[in-house]
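Read off the chains here:
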Amino acid sequence: MNLRRAARRFDDAPIVAQRTKRLSSIVAKLDREPLMKLSQMQDIGGCRAVVKSMSAVMALQDFYLHKSEIKHKLSKCNDYIKEPKDTGYRGIHLIYRFFSDKEAGEPWNGLKIEMQLRSQYQHAWATAVETVGTFIGEALKSSSGPDEWLRFFALMGSVIALRERSSLVPDTPTKRNELIEELDHHSYVLKVENRLVAFGNALQSIKRTTERAHWYLMKLDTNANQLIVTGFQRDDYENATASYSEAEELVKRRSAMDAVLVSVDSLAALERAYPNYFADTRIFVELMKQALSGHQRRIFAPVR
């Protein structure tokens, strides 16, 4: 709620959502980083704001760093726009330690929670990475998977950074013509546009929602090309988490399954906040096509 209010200062229609980290993702992260304790994991719970422009992202970051009266304690600010990840990921991560001066909140004091700030184009990149990773069964966002795909997304990270006039992804060409030439090669070899369009066309959404739902359980079966969205009302959190636990058990047995429990204002907001689950990569495809068009007048044209 705090993030939603703050984001509306700089964008009249921000996308704001929250989620708890999936059990399988928690286990995978602890396996990758054996020295990490569960209580140290900074993104076990998180919320995200997606705003239209880079200027809105930076204004929102500045608000939280210098003007916000939020009680929780800022532990760290990871600026992946100024210093993008090698994968091509860009965005702002604010890590807070929970603080409450009320007795009921004391057991949670000191635990970390992550707040992510992204532009719509940074969100489009992350959506495409997760969509491709889900359909090919690889954790591309964690630098795991075919080198060709990892390189393609690193290059696209720099293409979008150029568009937003910010720092390029490490180890990608600094000259625009060389960057576009390499991107063109990888997009052709991987048939990126055809694959992303096919993913979107193949996925049939089945929406079983309750009126005015607050919690949404999304179960994606890539083998069956099926997405099932189940809605739960605000006071039905116990059933929502029980259904989520059942889905997690199913995910363990079926590699083509994925599940997540999230909270947003509406089903329409859900589709905007988690487009990867609906295989909606239209903005990303348009960004790639405009970059490859070679026309300078289109490079900075707005994507509808």
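**Considerations on the packing of aromatic side chains**
Overall, the coordinates contain 13 aromatic pairs when judged by the stated rule. Seen from their ring centres, Phe63 and Tyr64 are 5.4 Å apart, and the 80° between their planes marks the pair as edge-to-face. Residue Phe63 is classed as buried on the basis of its relative accessible area, which comes to 11%. Looking at Tyr64, the relative accessible area reads 5%, which means it is buried. Relative to Tyr89, the ring of Tyr80 lies with its centre 6.0 Å away and its plane at 70°, an arrangement referred to as edge-to-face. For the pair shown, Tyr80 and Tyr89 are each scored as buried. Site record: aromatic cluster; members linked through ring pairs are Tyr80, Tyr89, Trp125, Trp149, Phe152, Phe153 and Phe284. Looking at Lys73, its charged tip hangs above the ring of Phe99, at a distance of 5.0 Å from the centre. The cationic tip of Lys85 hangs over the ring face of Tyr80; the distance from NZ or CZ to the ring centre is 4.8 Å.

**Focus on the pattern of salt bridges**
Enumeration according to the criterion identifies nine salt bridges in this entry. Measuring nitrogen to oxygen at the nearest pair gives 3.5 Å for the salt bridge that ties Asp12 to Lys52. Here the residue Asp12 occupies a position in the loop between α1 (2-7) and β1 (15-20), and Lys52 occupies one in the loop between β2 (45-51) and α3 (54-66), the gap between them amounting to 40 residues.

**Some points on the packing of helix α6 (residues 176-190) against helix α10 (residues 282-293)**
In the contact formed by α6 and α10, the axes pass within 9 Å of each other and the chain directions differ by 125°. With respect to their mutual orientation, α6 and α10 come out oblique. Classified by chirality, the crossing of α10 by α6 is left-handed. Along its contact with α6, which presents Arg176, Ile180, Leu183, Asp184 and Ser187, the element α10 presents Met288, Ala291 and Leu292. Partitioning the contact of α6 with α10 into residue classes produces five nonpolar, one polar and two charged.

**With respect to the environment of Asn2**
If you trace the backbone, Asn2 turns up in helix α1. Judged by relative accessible area, which is 29%, Asn2 ranks as partly exposed. On a C-alpha basis, the gap between Asn2 and Ile70 in space is 8.0 Å, while along the polypeptide they are 68 residues apart. Apart from residues lying up to four places away in sequence, Asn2 is in contact with Tyr64 and Ile70. A distance of 2.6 Å separates the side chain of Asn2 from the side chain of Tyr64, its partner in a polar contact.

**Re the packing of helix α4 (residues 120-136) against α10**
Between two packed helices, what matters for the description is the angle formed by their axes and the separation of those axes. The N-to-C vectors of α4 and α10 enclose an angle of 105°; their axes lie 8 Å apart at closest approach. Taken together, the axes of α4 and α10 lie roughly perpendicular to each other. For the pair formed by α4 and α10, the contact residues are Gln120, Tyr121, Ala124, Trp125 and Ala128 on the first element and Ile283, Phe284 and Leu287 on the second. For the contact of α4 with α10, the class distribution of residues is seven nonpolar, one polar and no charged.

**Some remarks on the pairing of strand β8 (residues 226-232)**
Along any regular strand, the residues point their side chains to alternate faces of the sheet. The buried fraction of β8 is high, at five of seven residues. Note that strand β7 (residues 215-221) and β8 share seven bridges and pair antiparallel. Counterpart to Tyr216 in the pairing with β8 is Gly231. The turn linking β7 back onto β8 is made up of four residues, and Asn225 within it adopts a positive phi angle of 50°.

**Some words on unusual backbone geometry**
Even without glycine at this site, Ser143 takes up a positive phi of about 65°. By the element assignment, Ser143 lies in the loop between α4 and α5 (147-163).

**A word on the side chain of Ser166**
Positionally, Ser166 belongs in the loop between α5 and α6. Looking at Ser166, its side chain comes within polar contact range of the side chain of Arg90, at 2.6 Å. Ser166 has contacts with Met54, Ile81, Arg90 and Ala161, leaving out every residue within four places of it along the chain.

**Observations regarding the state of the cysteines**
The full count for this structure, using the stated rule, is zero disulfides. Residue Cys47 stays outside any disulfide, its sulfur separated by 14 Å from that of Cys77, the closest cysteine.

**Structural notes on the side chain of Ser119**
Here Ser119 is to be found in strand β5 (residues 112-119). Excluding residues within four positions of it along the chain, Ser119 makes contact with Val50, Val51, Ser53, Met54, Val57 and Glu164.

Each value, and the rule that gives it
- Residues numbered from 1 in each chain as written.
- Predicted model: local features only at pLDDT ≥ 70, side-chain atom pairs only at ≥ 80, totals over all residues.
- Heavy atoms only, no water.
- Phe/Tyr/Trp six-rings, centres within 6.5 Å; stacked < 30°, edge-to-face > 60°.
- Buried < 20%, exposed > 50% of the residue type's maximum accessible area, 1.4 Å probe, protein only.
- Lys NZ or Arg CZ within 6 Å of the ring centre and 35° of its normal.
- Salt bridge = Lys/Arg side-chain N within 4 Å of Asp/Glu carboxyl O.
- Helix = DSSP H or I, 4+ residues; strand = E, 2+ residues; numbered from the N terminus.
- Axes fitted to C-alpha atoms, helices over the stretch in contact; angles between N-to-C directions.
- Parallel < 35°, antiparallel > 145°, perpendicular 65-115°, else oblique.
- Left-handed = near helix turned anticlockwise from the far one by under 90°.
- Contact = heavy atoms within 4.5 Å.
- Nonpolar A, V, L, I, M, F, W, Y, C, P; charged D, E, K, R; others polar.
- Polar contact = N/O pair within 3.5 Å; in protein donor to acceptor, adjacent residues only side chain to side chain.
- Pairing = 2+ DSSP bridges.
- Disulfide = S-S within 2.5 Å.

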